[in-house]
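So the chains spell out like this:
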Amino acid sequence: MLVKLAWRNLWRNKLRTGIMLSAMVFGLMGVVSMMGFMTGMYGSMIDNAIAWQTSHIQIHNSRYLTNPDINSIITDSRQLIAKIEQLPQVKALSARFVADGMVASARSARGVRINGIDVASETLVTPLAANIRQGEWLSSEGRNPVLVSIKTAERLRLRIGSKVVLTFTNASGDVTGAAFRVRGIFKTPSSGFDEGNVFVRRSDLTALAGIEGSHEIAVLLDDEQAAFALRDELQKQTSAQNTVRDWKQVQPMLASIINQMGTSNAIMLGIFVLALSFGIINIMLMSVFERTREFGVLMAVGMQKHNIFLLIMLETTWLGISGALLGIAGSLGLMQLLQHTGVPLGKVAEGLGAFGVDTTLYPQVSLADYQMIFITVVAASLLAALYPARQILKQRPVDAMAEKH
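Residues numbered from 1 in each chain as written. Predicted model: local features only at pLDDT ≥ 70, side-chain atom pairs only at ≥ 80, totals over all residues. Heavy atoms only, no water.

The chain appears in an unreviewed UniProt entry as ABC transporter permease from Photobacterium alginatilyticum. The record in UniProt for the chain states the following under Subcellular location (unreviewed entry): "Cell membrane". (UniProt positions renumbered as here; feature names shortened; annotations may be inferred.)

Put into structure tokens, the structure is as follows:
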């Protein structure tokens, strides 16, 4: 009976209740949108970093991590690759020969990381082949082809077929180099990655370096959560001279971002809930004081104070549940629309590109986030009702009935 009475009391002043519910709905939609944008941006950074730079697991010679010398190749890399390929959770892997050097054209020069890749396996690990904007992907045909980014091409004034000279220090410690022809021009979501990397065939680079082997093995898995267990397993199976790292260890900043996502979302929700609580306190105080004589009569005819307290709490509970459900329903509709259309970042995209964020952002809000929002809003509504309910219970029935508003 009290539940039904509380619902009716909530709508005795339809305008006031409607205004409060509208504030809750639009406020929740704004909070969910901000949470979705932040989570979507962080998710874009993580997905692009795994796809383009870290994969799920990387293996290096331990010396290479402290000093990237060209002679610091992975110990027993062929046997290790054969073992990894047999693992069921492994989707693909790519062994790379890497050299830090210079790329120079007739116009300019710049320092880059020269990636010697196996053409077939690299297409399975990174989406590089699908992001060639001009020209074509590397193949076994032609002499010394190279892939450069759009940014590198613009700065060195290159086009398809242009000649560049790649120079680096070989295994003997001498500076070596050769002329390469631009086969393709690529673009990735990370401007920093674009500026610092060029790609050549592995066989071309090892021939110049005078050494065989791999500096880096990138492993892509079916499930990113399996990376942490597989990292430990591979570390036991490989030589002690090698280091196996998961994507969080390769990119510590990504791990920090993941840890901060929950905190940032909680802060945004907390600010909204604080403002919401003051609004509910104001609404319930007005409602309670308007009905002071009514509550006095109820107490005078024998209604116990704890039932009056429960009635006020139930009214606020209905307000919180209604506002939370309507707000979440509106937020779900908005998120579905934005996930379909995306949010173009426009001029902001160039700045965020340094962090690997896509030019179009797709907000992401999980079911757990919606559950947290619902529980938090209802809990805040109940807490906000404690003060108004306590104020009416302080009064004696005779004083309450004498109140005039």
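Moving on, there is more to tell.
### So, the layout of surface pockets
Approximately 540 Å³ is the volume attributed to the largest pocket. As for the largest pocket, its lining consists of 32 residues, of which Q53, R113, F193, V250 and Q251 are closest to the centre. Put simply, the parts of the chain that give the lining of the largest pocket at least two residues each are α2 (14–54), β1 (57–61), α3 (62–66), β2 (90–104), β3 (109–117), α7 (191–196), β8 (197–201) and α11 (252–290). If you tally residues by element for the lining of the largest pocket, the top one is α2, at five residues. Residue classes in the lining of the largest pocket are distributed as 15 nonpolar, 11 polar and six charged. (1 Å grid on protein atoms, 1.4 Å probe; cavity = no way out; pocket = protein on both sides within 12 Å on 5 of 7 lines; lining within 4 Å. Points joined across faces, edges and corners; volume = space filled by probe spheres on them. Helix = DSSP H or I, 4+ residues; strand = E, 2+ residues; numbered from the N terminus. Nonpolar A, V, L, I, M, F, W, Y, C, P; charged D, E, K, R; others polar.)

### Some thoughts on unusual backbone geometry
Positive phi values are uncommon outside glycine, yet N144 reaches one of about 50 degrees. Of note, N144 is situated in the loop between β4 (132–135) and β5 (145–149). The backbone phi angle of R157 is positive, close to 55 degrees, even though this residue is not glycine. Checked against the element boundaries, R157 lands in the loop between α6 (150–156) and β6 (163–169).

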